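Reading the structure
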There are 2 protein chains.
Amino acid sequence: MCIVDTNINLMSEEATSQPHLTREDEIDASRCAIVAVDTVIFTIKNNELCVLLIKVNHGYFKDSWAIPGGIVDINETLYDTAKNRLEEKTGLKDVYLEQLYSFGDLGRDPRRRIVSVSYFALVNGEKAELNKTERYAAIEWIPIHKIGKLAYDHNAIINYAILRLQYKMEYTNVVYGLMPEKFTLSELQKVYEIILERQLDKRNFRRKILSIDLIKEAGNEIGVAHRPSKLYSFKDKKRKIVQIF
Amino acid sequence: MCIVDTNINLMSEEATSQPHLTREDEIDASRCAIVAVDTVIFTIKNNELCVLLIKVNHGYFKDSWAIPGGIVDINETLYDTAKNRLEEKTGLKDVYLEQLYSFGDLGRDPRRRIVSVSYFALVNGEKAELNKTERYAAIEWIPIHKIGKLAYDHNAIINYAILRLQYKMEYTNVVYGLMPEKFTLSELQKVYEIILERQLDKRNFRRKILSIDLIKEAGNEIGVAHRPSKLYSFKDKKRKIVQIF
DNA sequence: CCAAAAGTGTTGGGGATACACCCATGA
DNA sequence: TCATGGGTGTATCCCCAACACTTTTGG
């Protein structure tokens, strides 16, 4: 069992009677959908999987919570839009960032037809301090089980992102995006348990993780009131396909 | 081993000095990227995996081959755009259609900043007769190993689609999109072998396929010069996550 | 010496793989 | 009767899951 089926059913509507635009026509942008990027940013805080939400402070969705995003500028790639908006809002650089899915339902933005290319990002909890110098009324980490009704179709985007994250935990090394530089095996196991929402066997987990060539020893804990554990760090922080479970 | 890592590295470029658009601004569409849908349509012909290509007959890419696509109209969903353009070009309805990835590099369309939401479609070889009443110079099924340099970034899109298809063959039932209503187990195995590009053991393949609750018996072959095989059909043609290999 | 978390091996069962021969039909 | 592809069973191996006690440190 592995990954999410990426097809989401979208509302169907008959085409208009106007002829459809094709690549060869002159393009009238006012008849077109435009592109935004929205990013689901995950971190682990207090043993919970959390998402970064911002409170919209004007417009149709004033006072609703939403995931951060922005319209794609004509000379910024999708990836850079996600990366730059994320950096502006959180001060975070070098986070794990991956395209998720594109949402294009007709009614999803009340002002205008906008297609949202969603991304998901993984941030290590220690770095996840927020840059509050923002135009938003609020910006907060919210545990996924306490998320209410959000602006736009952002609940659907987050739900999809959670599924994708769960699958990716099982067959890739993305977990590195959520971990600090050094960590214990118990901490790593805990992150898996939080995201997969099930308990794992300590011995089997250790054997499995150590058998794949993913992490290396990095010293020992000090000053804890019990047997100090070995610390580990990732050998490299490049995405890999690795079957974990 | 399971699925493709969906992140593709995109060219990086510094943001402009203009302030970035956000959800709350008035939107000037001329500063925005607009959305197209491009679809990689697969079928099996002559024991080869083929993609539907069209020959562009005017504009910058005149005489290049490309995958079919079109600009997303302001009141058509992404899915419907893919479905409707595909039906217009091929006459095919009820095909398997799934969103693939969104491509947003800056230079990918020479005329204008266009983000392409790509889809992939699966068509059963028997139905894959083409509707030639088109505005294109040519429309053809091309075996994937004979595809040359295409217009836009369509080679990258196809390569990505092939990878996705290979992964999906292993853990879903999508193969139904490529099969006729009735088929033999040997034909089904052949389709797997073509797409996965490796040989499979006949006995193990049969045991595996029959052990998961996917297909049902549907009579026997007649008039063949050897022991007639049983025919099968899919129990239902809904996408499912099913580990095959 | 006690509390707390770290660390460590073995066993059994199930699923995957590898492998070769007989069967049913049309010509 | 022959050529063609259809159809079938078994043995082995490896991986996964289940399971409990000892070790090391600080207080």
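Residues numbered from 1 in each chain as written. Chains lettered and ligands numbered in written order. Predicted model: local features only at pLDDT ≥ 70, side-chain atom pairs only at ≥ 80, totals over all residues. Heavy atoms only, no water.

The subject of this paragraph is the protein's contact with DNA strand C. Taken together, 21 residues surround DNA strand C, and among them Ser186(A), Lys202(A), Lys230(A), Val224(B) and Arg227(B) come closest. Each atom of DNA strand C within 4 Å of the protein was assigned to sugar, phosphate or base; sugar and phosphate come to 43%. A distance of 3.3 Å is found between a phosphate oxygen of DNA strand C and a side-chain nitrogen or oxygen belonging to Lys208(B). Take Ala225(B): an N or O atom from its main chain is 3.5 Å from a base oxygen of DNA strand C. Those elements giving two or more residues to the surface near DNA strand C turn out to be helix H4 (202-211) of chain A together with helix H4 (202-211) of chain B. (Near = heavy atom within 4 Å. Polar contact = N/O pair within 3.5 Å; in protein donor to acceptor, adjacent residues only side chain to side chain. Helix = DSSP H or I, 4+ residues; strand = E, 2+ residues; numbered from the N terminus.)

To continue, consider the packing of helix H3 (residues 185-196) of chain B against H4(B). All names here are of chain B. Look at H3 against H4: their axes get within 11 Å of each other, and the N-to-C directions meet at 100°. Relative to H4, the element H3 lies roughly perpendicular. Contacts between H3 and H4 involve Leu185, Ser186, Leu188, Gln189 and Tyr192 from the former and Lys202, Phe205, Arg206, Ile209 and Leu210 from the latter. (Axes fitted to C-alpha atoms, helices over the stretch in contact; angles between N-to-C directions. Parallel < 35°, antiparallel > 145°, perpendicular 65-115°, else oblique. Contact = heavy atoms within 4.5 Å.)

Before going further, it helps to spend a moment on the pattern of salt bridges. By the definition in use, this model includes 28 salt bridges over all chains. As a salt-bridge pair, Glu181(B) and Lys237(B) come within 3.6 Å of each other at their nearest N and O atoms. With Glu181(B) in the loop between helix H2 (154-171) and H3 and Lys237(B) in the segment after strand S9 (230-234), the pair connects residues that are 56 residues apart, well separated along the chain. It is possible to trace a salt-bridge network through shared partners that takes in Asp38(A), Arg108(A) and Asp153(A). (Salt bridge = Lys/Arg side-chain N within 4 Å of Asp/Glu carboxyl O.)

This part covers helix H2 (residues 154-171) of chain A. Helix length check: H2(A) (18 residues) gives 26 Å between terminal C-alpha atoms against 26 Å at 1.5 Å per residue, within 8%. In terms of burial, H2(A) is largely enclosed, as 14 of its 18 residues are buried. (Expected span 1.5 Å × (residues − 1). Buried < 20%, exposed > 50% of the residue type's maximum accessible area, 1.4 Å probe, protein only.)

Residue and element names in this part refer to chain B. Scanning all chains against the criterion turns up 24 aromatic pairs over all chains. Arranged with centres 6.3 Å apart and planes meeting at 80°, the rings of Phe103 and Tyr160 form a pair that is edge-to-face. Within this pair, whereas Phe103 is found in strand S5 (residues 96-103), its partner Tyr160 is found in helix H2, the two being separated by 57 residues in sequence. We classify Phe103 as buried; its relative accessible area is 5%. Residue classification places Tyr160 among the buried positions, given a relative accessible area of 4%. (Phe/Tyr/Trp six-rings, centres within 6.5 Å; stacked < 30°, edge-to-face > 60°.)

All names here are of chain A. Within strand S1 (residues 34-45), eleven of the twelve residues are buried, leaving the element largely enclosed by the surrounding structure. Sheet topology places S1 next to strand S6 (residues 114-122); nine bridges connect them, and they run parallel. What sits directly across from Thr39, in S6, is Tyr119. Across four bridges, the pairing between S1 and strand S2 (residues 48-55) is antiparallel. What sits directly across from Thr43, in S2, is Cys50. (Pairing = 2+ DSSP bridges.)

Below, the discussion takes up the layout of surface pockets. Residue and element names in this part refer to chain A. Roughly 610 Å³ of internal volume is contained in the largest pocket. Along the wall of the largest pocket there are 24 residues; nearest its centre are Asp94, Val95, Tyr96, Tyr176 and Lys237. By residue number, the principal contributor to the lining of the largest pocket is helix H1 (residues 78-90), which donates four residues. Here the lining of the largest pocket gathers at least three residues from each of two domains, domain 1 (32-171) and domain 2 (174-234). (1 Å grid on protein atoms, 1.4 Å probe; cavity = no way out; pocket = protein on both sides within 12 Å on 5 of 7 lines; lining within 4 Å. Points joined across faces, edges and corners; volume = space filled by probe spheres on them. Domains from an automatic or database assignment.)

Residues and elements named next belong to chain A. When cut into domains, chain A gives domain 1 (32-171) and domain 2 (174-234). Computed over C-alpha atoms only, the centres of domain 1 and domain 2 are separated by 28 Å. Across the boundary between the two partners, domain 1 contributes 18 residues, which contact 15 residues of domain 2. Together domain 1 and domain 2 conceal approximately 1500 Å² of surface at their shared face, both sides included; 70% is due to carbon and sulfur atoms. Applying the counting rule to domain 1 against domain 2 returns one salt bridge. Its salt-bridge partner being Arg198, residue Glu170 comes within 3.1 Å of it at the nearest N-O pair. At the boundary of domain 1 with domain 2, the tally comes to four residue pairs in polar contact (both at pLDDT 80 or more). The leading source of residues in the side of domain 1 that touches domain 2 is H2, at five residues. Partitioned by chemical class, the residues of the side of domain 1 that touches domain 2 number eight nonpolar, six polar and four charged. (Buried area = accessible area lost by both parts, 1.4 Å probe. Nonpolar A, V, L, I, M, F, W, Y, C, P; charged D, E, K, R; others polar.)

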